[in-house]
Amino acid sequence: MTARVSEKPVPRTATGPHRRSRGHAALAVIAGCNAMIQLDDPIVNIALPGMREELGLSAVGASLVVNAYLLAFGGLLLLGGRAGDILGRRKVFMAGVGLFTAAAALRGLAPSGDVLVTLRAVQGAGAALAAPSGLALLLSTFAEGTSRKRAIAVCTTVGAVSTAGGLLLAGALTAIGSWRWVLFLDVPIGVAIVLLAPFVLDETARHRGRFDLSGALLSAVAAASLVYGLGRAAERPWSDPLVVGCLLAGAVLLVVFAAVERRAQQPIVVPRLFAGRDRLLAYLGTLAVPGALIGTYFFLNQYFQRQHGWSALATAGALLPLPVTMAVTAGFAVRLERRVGARRLWAAGACLLVTGNLWLSTLRTGDAYATTVLPALVLLGAGMACSVLPPTVLATSRLRGDEAGAASSVLNSVQSVGGSFGLATLVTVAAHTSGMTGGFVASAAFAGCVLLAALLVRDR
(Lines give C-alpha, C1' and ligand atoms only; values in the text may rest on other atoms or scores of the structure.)
Protein backbone atom coordinates (compact mmCIF):
# COMPACT_ATOMS: atom_id res chain seq x y z
CA MET A 1 0.00 0.00 0.00
CA THR A 2 1.64 3.26 -1.10
CA ALA A 3 0.98 6.95 -1.51
CA ARG A 4 2.77 8.94 -4.23
CA VAL A 5 4.13 12.45 -3.83
CA SER A 6 5.65 14.47 -6.68
CA GLU A 7 9.02 16.20 -6.54
CA LYS A 8 9.39 19.88 -5.79
CA PRO A 9 12.52 21.91 -6.63
CA VAL A 10 14.63 23.20 -3.79
CA PRO A 11 14.82 26.99 -3.42
CA ARG A 12 18.01 28.83 -4.27
CA THR A 13 20.30 29.59 -1.37
CA ALA A 14 22.43 32.63 -0.64
CA THR A 15 26.17 32.75 -1.31
CA GLY A 16 29.22 34.28 0.38
CA PRO A 17 29.24 35.70 3.90
CA HIS A 18 25.44 35.80 4.04
CA ARG A 19 25.34 32.09 3.32
CA ARG A 20 27.82 31.41 6.13
CA SER A 21 25.80 33.44 8.65
CA ARG A 22 22.64 31.70 7.48
CA GLY A 23 24.41 28.37 8.01
CA HIS A 24 25.28 29.37 11.56
CA ALA A 25 21.68 30.36 12.21
CA ALA A 26 20.45 27.08 10.75
CA LEU A 27 22.85 25.17 12.98
CA ALA A 28 21.58 27.07 16.02
CA VAL A 29 17.99 26.04 15.23
CA ILE A 30 18.89 22.39 14.60
CA ALA A 31 21.09 22.23 17.71
CA GLY A 32 18.27 23.86 19.69
CA CYS A 33 15.91 21.08 18.64
CA ASN A 34 18.46 18.47 19.66
CA ALA A 35 18.89 20.19 23.03
CA MET A 36 15.13 20.37 23.57
CA ILE A 37 14.67 16.65 22.94
CA GLN A 38 17.65 15.67 25.11
CA LEU A 39 16.52 17.99 27.90
CA ASP A 40 13.08 16.38 28.11
CA ASP A 41 14.14 13.03 29.58
CA PRO A 42 16.00 14.32 32.66
CA ILE A 43 13.33 16.90 33.54
CA VAL A 44 10.56 14.30 33.32
CA ASN A 45 12.49 11.94 35.58
CA ILE A 46 13.09 14.73 38.11
CA ALA A 47 9.38 15.66 38.03
CA LEU A 48 8.17 12.05 38.28
CA PRO A 49 7.94 11.85 42.10
CA GLY A 50 5.77 14.99 42.17
CA MET A 51 3.57 13.61 39.39
CA ARG A 52 2.97 10.40 41.31
CA GLU A 53 2.02 12.23 44.48
CA GLU A 54 -0.32 14.84 42.98
CA LEU A 55 -1.98 12.71 40.29
CA GLY A 56 -2.07 9.52 42.33
CA LEU A 57 -0.05 7.51 39.82
CA SER A 58 0.82 3.91 40.61
CA ALA A 59 4.22 2.47 39.81
CA VAL A 60 2.81 1.18 36.50
CA GLY A 61 1.28 4.58 35.74
CA ALA A 62 4.57 6.31 36.42
CA SER A 63 6.38 3.92 34.07
CA LEU A 64 3.76 4.65 31.39
CA VAL A 65 4.61 8.36 31.60
CA VAL A 66 8.13 7.44 30.48
CA ASN A 67 7.30 4.52 28.18
CA ALA A 68 4.50 6.27 26.24
CA TYR A 69 7.07 8.72 24.91
CA LEU A 70 9.64 6.04 24.16
CA LEU A 71 7.14 3.83 22.32
CA ALA A 72 5.89 6.61 20.06
CA PHE A 73 9.38 7.98 19.46
CA GLY A 74 11.03 4.63 18.70
CA GLY A 75 8.10 3.31 16.68
CA LEU A 76 7.68 6.31 14.36
CA LEU A 77 11.30 7.31 13.70
CA LEU A 78 11.64 5.48 10.38
CA LEU A 79 8.38 6.94 9.14
CA GLY A 80 9.47 10.40 10.29
CA GLY A 81 12.72 10.20 8.32
CA ARG A 82 10.99 9.01 5.17
CA ALA A 83 8.33 11.70 5.48
CA GLY A 84 11.04 14.35 5.46
CA ASP A 85 12.58 12.95 2.27
CA ILE A 86 9.23 12.94 0.45
CA LEU A 87 7.36 15.95 1.86
CA GLY A 88 10.29 18.28 2.53
CA ARG A 89 12.50 18.14 5.60
CA ARG A 90 11.91 21.68 6.84
CA LYS A 91 8.15 21.20 6.72
CA VAL A 92 8.29 17.91 8.61
CA PHE A 93 10.86 19.31 11.05
CA MET A 94 8.63 22.27 11.93
CA ALA A 95 5.57 20.03 12.24
CA GLY A 96 7.44 17.75 14.63
CA VAL A 97 8.77 20.59 16.78
CA GLY A 98 5.33 22.21 16.87
CA LEU A 99 3.66 18.97 17.94
CA PHE A 100 6.32 18.32 20.58
CA THR A 101 6.04 21.86 21.97
CA ALA A 102 2.24 21.91 22.10
CA ALA A 103 2.19 18.61 23.98
CA ALA A 104 4.93 19.86 26.34
CA ALA A 105 2.84 22.95 27.16
CA LEU A 106 -0.35 20.98 27.74
CA ARG A 107 1.24 18.27 29.89
CA GLY A 108 2.13 20.85 32.52
CA LEU A 109 -1.62 21.42 32.91
CA ALA A 110 -2.60 17.73 32.80
CA PRO A 111 -5.51 17.08 35.19
CA SER A 112 -4.98 13.31 35.36
CA GLY A 113 -2.49 10.56 34.75
CA ASP A 114 -4.31 9.35 31.61
CA VAL A 115 -4.10 12.78 29.99
CA LEU A 116 -0.43 13.06 30.93
CA VAL A 117 0.40 9.67 29.38
CA THR A 118 -1.48 10.61 26.17
CA LEU A 119 0.40 13.90 25.87
CA ARG A 120 3.71 12.10 26.40
CA ALA A 121 2.85 9.82 23.45
CA VAL A 122 2.07 12.90 21.32
CA GLN A 123 5.44 14.33 22.32
CA GLY A 124 7.13 11.13 21.20
CA ALA A 125 5.43 11.37 17.81
CA GLY A 126 6.60 14.97 17.44
CA ALA A 127 10.16 14.02 18.35
CA ALA A 128 10.06 11.17 15.80
CA LEU A 129 9.30 13.72 13.07
CA ALA A 130 11.73 16.39 14.27
CA ALA A 131 14.85 14.39 15.19
CA PRO A 132 15.60 12.62 11.86
CA SER A 133 14.53 15.63 9.79
CA GLY A 134 16.78 17.88 11.90
CA LEU A 135 19.81 15.68 11.34
CA ALA A 136 18.98 15.39 7.63
CA LEU A 137 18.73 19.20 7.40
CA LEU A 138 22.17 19.43 9.01
CA LEU A 139 23.53 17.03 6.36
CA SER A 140 22.02 19.08 3.54
CA THR A 141 23.21 22.39 5.01
CA PHE A 142 26.84 21.37 5.62
CA ALA A 143 28.89 19.51 3.02
CA GLU A 144 30.84 16.39 3.94
CA GLY A 145 34.15 17.22 5.58
CA THR A 146 35.29 19.54 8.33
CA SER A 147 32.25 21.84 8.27
CA ARG A 148 29.85 18.94 8.80
CA LYS A 149 32.01 17.46 11.56
CA ARG A 150 32.07 20.82 13.31
CA ALA A 151 28.29 21.06 13.02
CA ILE A 152 27.86 17.59 14.57
CA ALA A 153 30.28 18.56 17.37
CA VAL A 154 28.28 21.75 18.02
CA CYS A 155 25.06 19.74 18.30
CA THR A 156 26.78 17.39 20.74
CA THR A 157 28.07 20.33 22.78
CA VAL A 158 24.71 22.10 22.89
CA GLY A 159 22.98 18.85 23.88
CA ALA A 160 25.42 18.31 26.74
CA VAL A 161 25.13 21.92 27.95
CA SER A 162 21.33 21.73 27.85
CA THR A 163 21.43 18.52 29.90
CA ALA A 164 23.68 20.19 32.46
CA GLY A 165 21.62 23.34 32.69
CA GLY A 166 18.37 21.40 32.62
CA LEU A 167 19.44 19.20 35.52
CA LEU A 168 20.23 22.22 37.69
CA LEU A 169 17.19 24.24 36.68
CA ALA A 170 14.83 21.30 37.04
CA GLY A 171 16.27 20.48 40.46
CA ALA A 172 15.87 24.09 41.59
CA LEU A 173 12.30 24.41 40.32
CA THR A 174 11.36 21.11 41.94
CA ALA A 175 12.82 22.26 45.24
CA ILE A 176 11.10 25.67 45.35
CA GLY A 177 7.94 25.10 43.36
CA SER A 178 5.85 22.47 41.62
CA TRP A 179 6.72 19.62 39.29
CA ARG A 180 4.45 21.35 36.76
CA TRP A 181 6.89 24.25 36.47
CA VAL A 182 9.63 21.85 35.38
CA LEU A 183 7.57 20.51 32.48
CA PHE A 184 7.36 23.95 30.84
CA LEU A 185 11.15 24.24 30.34
CA ASP A 186 10.95 22.88 26.78
CA VAL A 187 8.22 25.26 25.65
CA PRO A 188 10.21 28.50 25.07
CA ILE A 189 12.85 26.58 23.10
CA GLY A 190 10.22 24.93 20.89
CA VAL A 191 8.38 28.20 20.22
CA ALA A 192 11.63 29.92 19.24
CA ILE A 193 12.55 27.09 16.85
CA VAL A 194 9.15 27.14 15.12
CA LEU A 195 9.33 30.93 14.67
CA LEU A 196 12.92 30.98 13.38
CA ALA A 197 12.94 27.87 11.18
CA PRO A 198 11.19 29.40 8.11
CA PHE A 199 13.77 32.19 7.98
CA VAL A 200 17.01 30.25 8.53
CA LEU A 201 16.34 26.76 7.12
CA ASP A 202 16.10 26.14 3.38
CA GLU A 203 13.47 23.65 2.32
CA THR A 204 14.99 20.55 0.72
CA ALA A 205 13.92 19.00 -2.54
CA ARG A 206 10.84 16.79 -2.27
CA HIS A 207 12.12 13.55 -3.75
CA ARG A 208 9.72 11.68 -5.95
CA GLY A 209 8.68 8.67 -3.97
CA ARG A 210 6.04 6.69 -2.18
CA PHE A 211 5.23 6.05 1.43
CA ASP A 212 5.92 2.41 2.10
CA LEU A 213 2.97 2.10 4.46
CA SER A 214 3.40 -1.66 4.98
CA GLY A 215 7.03 -1.16 5.93
CA ALA A 216 6.15 1.83 8.11
CA LEU A 217 3.53 -0.16 10.03
CA LEU A 218 5.81 -3.17 10.50
CA SER A 219 8.76 -1.03 11.62
CA ALA A 220 6.60 0.96 14.04
CA VAL A 221 5.10 -2.11 15.71
CA ALA A 222 8.43 -3.96 15.77
CA ALA A 223 10.31 -1.03 17.32
CA ALA A 224 7.52 -0.35 19.82
CA SER A 225 7.45 -4.03 20.85
CA LEU A 226 11.21 -4.10 21.41
CA VAL A 227 11.28 -0.80 23.32
CA TYR A 228 8.32 -1.81 25.49
CA GLY A 229 9.72 -5.27 26.16
CA LEU A 230 13.10 -3.85 27.12
CA GLY A 231 11.43 -1.22 29.28
CA ARG A 232 9.50 -3.93 31.12
CA ALA A 233 12.70 -5.92 31.49
CA ALA A 234 14.13 -2.99 33.46
CA GLU A 235 11.33 -3.52 36.01
CA ARG A 236 10.59 -7.26 35.84
CA PRO A 237 12.57 -10.48 35.20
CA TRP A 238 13.54 -11.29 31.62
CA SER A 239 11.48 -14.48 32.03
CA ASP A 240 8.28 -12.46 32.55
CA PRO A 241 5.72 -13.60 29.90
CA LEU A 242 5.02 -10.04 28.77
CA VAL A 243 8.73 -9.29 28.40
CA VAL A 244 9.38 -12.50 26.45
CA GLY A 245 6.28 -12.01 24.30
CA CYS A 246 7.14 -8.43 23.37
CA LEU A 247 10.77 -9.23 22.55
CA LEU A 248 9.83 -12.27 20.47
CA ALA A 249 7.13 -10.33 18.66
CA GLY A 250 9.59 -7.52 17.94
CA ALA A 251 12.22 -9.94 16.62
CA VAL A 252 9.72 -11.76 14.38
CA LEU A 253 8.33 -8.50 13.04
CA LEU A 254 11.85 -7.30 12.23
CA VAL A 255 12.43 -10.43 10.16
CA VAL A 256 9.13 -9.89 8.35
CA PHE A 257 10.01 -6.22 7.90
CA ALA A 258 13.35 -7.11 6.29
CA ALA A 259 11.61 -9.52 3.89
CA VAL A 260 8.99 -6.94 2.94
CA GLU A 261 11.59 -4.22 2.41
CA ARG A 262 13.62 -6.41 0.05
CA ARG A 263 10.61 -6.66 -2.26
CA ALA A 264 9.42 -3.06 -1.89
CA GLN A 265 9.99 -0.73 -4.85
CA GLN A 266 10.75 2.21 -2.57
CA PRO A 267 11.46 0.81 0.91
CA ILE A 268 11.23 2.97 4.01
CA VAL A 269 14.79 1.86 4.85
CA VAL A 270 17.27 1.66 1.98
CA PRO A 271 19.11 -1.72 2.13
CA ARG A 272 22.27 -0.01 0.84
CA LEU A 273 22.57 1.73 4.23
CA PHE A 274 23.62 -1.61 5.75
CA ALA A 275 25.93 -2.71 2.94
CA GLY A 276 29.13 -0.91 3.95
CA ARG A 277 31.20 -2.37 6.79
CA ASP A 278 32.08 0.98 8.35
CA ARG A 279 28.48 2.22 8.36
CA LEU A 280 27.28 -1.05 9.88
CA LEU A 281 29.95 -0.80 12.59
CA ALA A 282 28.86 2.79 13.22
CA TYR A 283 25.30 1.58 13.83
CA LEU A 284 26.52 -1.20 16.14
CA GLY A 285 28.74 1.18 18.07
CA THR A 286 25.88 3.66 18.40
CA LEU A 287 23.67 0.83 19.70
CA ALA A 288 26.17 0.10 22.50
CA VAL A 289 27.08 3.66 23.51
CA PRO A 290 23.91 4.38 25.60
CA GLY A 291 24.60 1.32 27.72
CA ALA A 292 28.01 2.75 28.60
CA LEU A 293 26.51 5.93 30.06
CA ILE A 294 22.88 5.43 31.07
CA GLY A 295 23.85 3.58 34.24
CA THR A 296 25.73 6.63 35.52
CA TYR A 297 22.58 8.74 35.80
CA PHE A 298 20.43 5.80 36.92
CA PHE A 299 22.67 4.44 39.68
CA LEU A 300 24.23 7.67 40.92
CA ASN A 301 20.84 9.37 41.24
CA GLN A 302 19.78 6.63 43.64
CA TYR A 303 23.18 6.56 45.38
CA PHE A 304 23.16 10.28 46.18
CA GLN A 305 19.47 10.64 47.08
CA ARG A 306 18.78 7.36 48.87
CA GLN A 307 22.08 6.53 50.53
CA HIS A 308 23.24 10.07 51.25
CA GLY A 309 19.87 11.83 51.48
CA TRP A 310 20.82 14.55 49.00
CA SER A 311 18.16 16.75 47.41
CA ALA A 312 17.38 16.69 43.69
CA LEU A 313 19.27 19.97 43.27
CA ALA A 314 22.37 18.69 45.09
CA THR A 315 22.28 15.49 43.03
CA ALA A 316 22.02 17.49 39.79
CA GLY A 317 25.03 19.56 40.85
CA ALA A 318 27.02 16.42 41.66
CA LEU A 319 26.35 15.01 38.17
CA LEU A 320 27.12 18.30 36.43
CA PRO A 321 30.82 17.56 35.66
CA LEU A 322 29.79 14.82 33.21
CA PRO A 323 27.83 16.94 30.70
CA VAL A 324 30.17 19.91 31.20
CA THR A 325 33.22 17.79 30.35
CA MET A 326 31.35 16.33 27.39
CA ALA A 327 30.54 19.82 26.10
CA VAL A 328 34.14 21.05 26.47
CA THR A 329 35.67 17.93 24.88
CA ALA A 330 33.23 17.98 21.96
CA GLY A 331 34.61 21.36 21.01
CA PHE A 332 38.06 19.80 20.52
CA ALA A 333 36.85 16.54 18.98
CA VAL A 334 37.01 17.75 15.38
CA ARG A 335 40.63 18.89 15.78
CA LEU A 336 41.54 15.64 17.47
CA GLU A 337 39.88 13.65 14.69
CA ARG A 338 41.94 15.47 12.07
CA ARG A 339 45.15 14.78 13.98
CA VAL A 340 44.68 11.14 14.96
CA GLY A 341 41.89 9.92 12.66
CA ALA A 342 38.33 8.81 13.35
CA ARG A 343 39.30 5.26 14.31
CA ARG A 344 41.82 6.30 16.97
CA LEU A 345 39.57 9.04 18.36
CA TRP A 346 36.65 6.62 18.66
CA ALA A 347 38.82 3.93 20.26
CA ALA A 348 40.28 6.44 22.73
CA GLY A 349 36.78 7.57 23.70
CA ALA A 350 35.69 3.98 24.25
CA CYS A 351 38.74 3.34 26.47
CA LEU A 352 37.79 6.36 28.59
CA LEU A 353 34.25 4.97 28.92
CA VAL A 354 35.60 1.60 30.04
CA THR A 355 37.92 3.22 32.59
CA GLY A 356 35.26 5.58 33.96
CA ASN A 357 32.74 2.79 34.51
CA LEU A 358 35.29 0.48 36.15
CA TRP A 359 36.31 3.37 38.40
CA LEU A 360 32.69 3.84 39.51
CA SER A 361 32.35 0.10 40.11
CA THR A 362 34.69 0.56 43.10
CA LEU A 363 32.37 3.15 44.68
CA ARG A 364 31.34 2.38 48.26
CA THR A 365 29.15 4.20 50.76
CA GLY A 366 31.25 6.82 52.51
CA ASP A 367 33.78 7.30 49.69
CA ALA A 368 34.71 10.91 49.04
CA TYR A 369 33.02 12.47 46.02
CA ALA A 370 36.14 14.39 44.94
CA THR A 371 38.38 11.33 44.74
CA THR A 372 35.96 8.62 43.61
CA VAL A 373 33.00 10.05 41.69
CA LEU A 374 34.35 13.27 40.19
CA PRO A 375 37.32 11.79 38.24
CA ALA A 376 35.08 9.06 36.83
CA LEU A 377 32.49 11.61 35.65
CA VAL A 378 35.22 13.58 33.88
CA LEU A 379 36.46 10.43 32.13
CA LEU A 380 32.93 9.49 31.06
CA GLY A 381 32.18 12.97 29.74
CA ALA A 382 35.34 13.05 27.64
CA GLY A 383 34.76 9.48 26.49
CA MET A 384 31.22 10.23 25.32
CA ALA A 385 32.31 13.29 23.36
CA CYS A 386 34.94 11.24 21.51
CA SER A 387 32.54 8.33 20.96
CA VAL A 388 29.72 10.32 19.34
CA LEU A 389 31.37 12.21 16.47
CA PRO A 390 33.10 9.33 14.56
CA PRO A 391 30.12 6.93 14.29
CA THR A 392 27.73 9.78 13.43
CA VAL A 393 30.01 10.90 10.59
CA LEU A 394 30.49 7.33 9.34
CA ALA A 395 26.75 6.60 9.41
CA THR A 396 25.82 9.75 7.49
CA SER A 397 28.59 9.88 4.86
CA ARG A 398 28.37 9.01 1.15
CA LEU A 399 24.59 9.28 0.98
CA ARG A 400 22.42 10.11 -1.99
CA GLY A 401 20.01 13.02 -1.65
CA ASP A 402 16.99 10.82 -1.00
CA GLU A 403 18.78 8.72 1.66
CA ALA A 404 19.59 11.37 4.28
CA GLY A 405 16.26 11.08 6.05
CA ALA A 406 16.38 7.28 6.12
CA ALA A 407 19.97 7.25 7.42
CA SER A 408 19.12 9.82 10.10
CA SER A 409 16.06 7.89 11.25
CA VAL A 410 18.01 4.60 11.43
CA LEU A 411 20.70 6.29 13.53
CA ASN A 412 18.07 7.71 15.90
CA SER A 413 16.27 4.34 16.05
CA VAL A 414 19.48 2.56 16.98
CA GLN A 415 20.11 5.09 19.76
CA SER A 416 16.55 4.68 21.08
CA VAL A 417 16.65 0.89 21.16
CA GLY A 418 20.21 0.99 22.54
CA GLY A 419 19.10 3.16 25.46
CA SER A 420 16.22 0.81 26.34
CA PHE A 421 18.38 -2.29 25.97
CA GLY A 422 21.21 -0.77 27.98
CA LEU A 423 19.00 0.22 30.91
CA ALA A 424 17.18 -3.14 30.97
CA THR A 425 20.49 -5.02 30.96
CA LEU A 426 22.10 -2.90 33.67
CA VAL A 427 19.09 -3.14 35.98
CA THR A 428 18.99 -6.92 35.52
CA VAL A 429 22.70 -7.31 36.19
CA ALA A 430 22.50 -5.07 39.26
CA ALA A 431 19.55 -7.07 40.63
CA HIS A 432 21.36 -10.41 40.28
CA THR A 433 24.87 -9.36 41.29
CA SER A 434 26.37 -6.97 43.77
CA GLY A 435 24.00 -4.15 42.92
CA MET A 436 25.47 -0.90 41.63
CA THR A 437 28.94 -2.44 41.33
CA GLY A 438 27.70 -5.10 38.92
CA GLY A 439 25.76 -2.45 37.00
CA PHE A 440 28.87 -0.37 36.38
CA VAL A 441 30.84 -3.46 35.33
CA ALA A 442 28.07 -4.16 32.79
CA SER A 443 28.37 -0.56 31.59
CA ALA A 444 32.09 -1.14 31.10
CA ALA A 445 31.20 -4.21 29.01
CA PHE A 446 29.00 -2.04 26.78
CA ALA A 447 31.92 0.37 26.42
CA GLY A 448 34.09 -2.61 25.46
CA CYS A 449 31.65 -3.36 22.61
CA VAL A 450 32.05 0.25 21.47
CA LEU A 451 35.82 -0.20 21.54
CA LEU A 452 35.57 -3.38 19.45
CA ALA A 453 33.46 -1.61 16.82
CA ALA A 454 35.97 1.24 16.70
CA LEU A 455 38.95 -1.08 16.24
CA LEU A 456 37.23 -2.88 13.36
CA VAL A 457 36.64 0.35 11.42
CA ARG A 458 39.05 0.88 8.54
CA ASP A 459 41.79 3.41 9.32
CA ARG A 460 41.52 6.16 6.75
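Residues numbered from 1 in each chain as written. Predicted model: local features only at pLDDT ≥ 70, side-chain atom pairs only at ≥ 80, totals over all residues. Heavy atoms only, no water.

Visitor: Sorry if this is basic, but what is going on with the packing of aromatic side chains here?
Guide: Where two aromatic rings form a pair, the distance of their centres and the angle of their planes describe that pair. Applying the stated criterion across every chain, the model contains eight aromatic pairs. Geometrically, the ring pair formed by phenylalanine 274 and tyrosine 283 is tilted, given 5.5 Å between the ring centres and 45 degrees between the ring planes. Judged by relative accessible area, phenylalanine 274 falls into the partly exposed class, the value being 37%. Of the residues examined, tyrosine 283 reaches a relative accessible area of 4% and is grouped as buried. Among the aromatic residues, ring-to-ring pairing joins Tyr303, Phe304, Trp310 and Tyr369 into one connected group. (Phe/Tyr/Trp six-rings, centres within 6.5 Å; stacked < 30°, edge-to-face > 60°. Buried < 20%, exposed > 50% of the residue type's maximum accessible area, 1.4 Å probe, protein only.)

Visitor: Can you help me understand the state of the cysteines in this one?
Guide: One way to say it: the disulfide is the covalent bond shared by the sulfur atoms of two cysteines. By the definition in use, this model includes zero disulfides. Of all cysteine sulfurs, the one in cysteine 351 lies closest to cysteine 386, which takes part in no disulfide; the gap is 11 Å. When its relative accessible area of 6% is taken as the criterion, cysteine 386 is described as buried. (Disulfide = S-S within 2.5 Å.)

Visitor: How should I be thinking about the environment of alanine 143 in this particular structure?
Guide: Relative to the helices and strands, alanine 143 is located in the loop between α4 (113-141) and α5 (146-176). When the C-alpha atoms of alanine 143 and serine 397 are compared, they prove to be 9.8 Å apart, with 254 residues separating the residues in sequence. (Helix = DSSP H or I, 4+ residues; strand = E, 2+ residues; numbered from the N terminus.)

Visitor: Which parts of the structure should I look at to understand the nonpolar core?
Guide: Across soluble globular proteins, nonpolar side chains have a tendency to be buried as a group. In this structure, Leu273, Tyr283, Leu300, Phe304, Trp346 and Val410 are the most contacted members of the largest nonpolar core, which totals 58 residues. Excluding residues within four positions of it along the chain, leucine 300 makes contact with Gly295, Leu319, Leu360, Leu363, Val373, Leu377 and Phe440. (Core = buried A, V, L, I, M, F, W, Y, C linked by side-chain atoms within 4.5 Å. Contact = heavy atoms within 4.5 Å.)

Visitor: How should I be thinking about helix α3 (residues 89-107) in this particular structure?
Guide: Structurally, the α-helix is built with 3.6 residues per turn, so residues lying three or four positions apart point the same way. With 19 residues, α3 should cover 27 Å at 1.5 Å per step; its first-to-last C-alpha distance of 27 Å lies within 8% of that length. Taken together, the buried positions of α3 are Arg89, Val92, Phe93, Gly96, Val97, Phe100, Thr101, Ala103, Ala104 and Arg107. Buried residues of α3, seen end-on, are gathered within an arc of 165 degrees and therefore sit on one face of the element. (Expected span 1.5 Å × (residues − 1). Arc of directions from axis to C-beta.)

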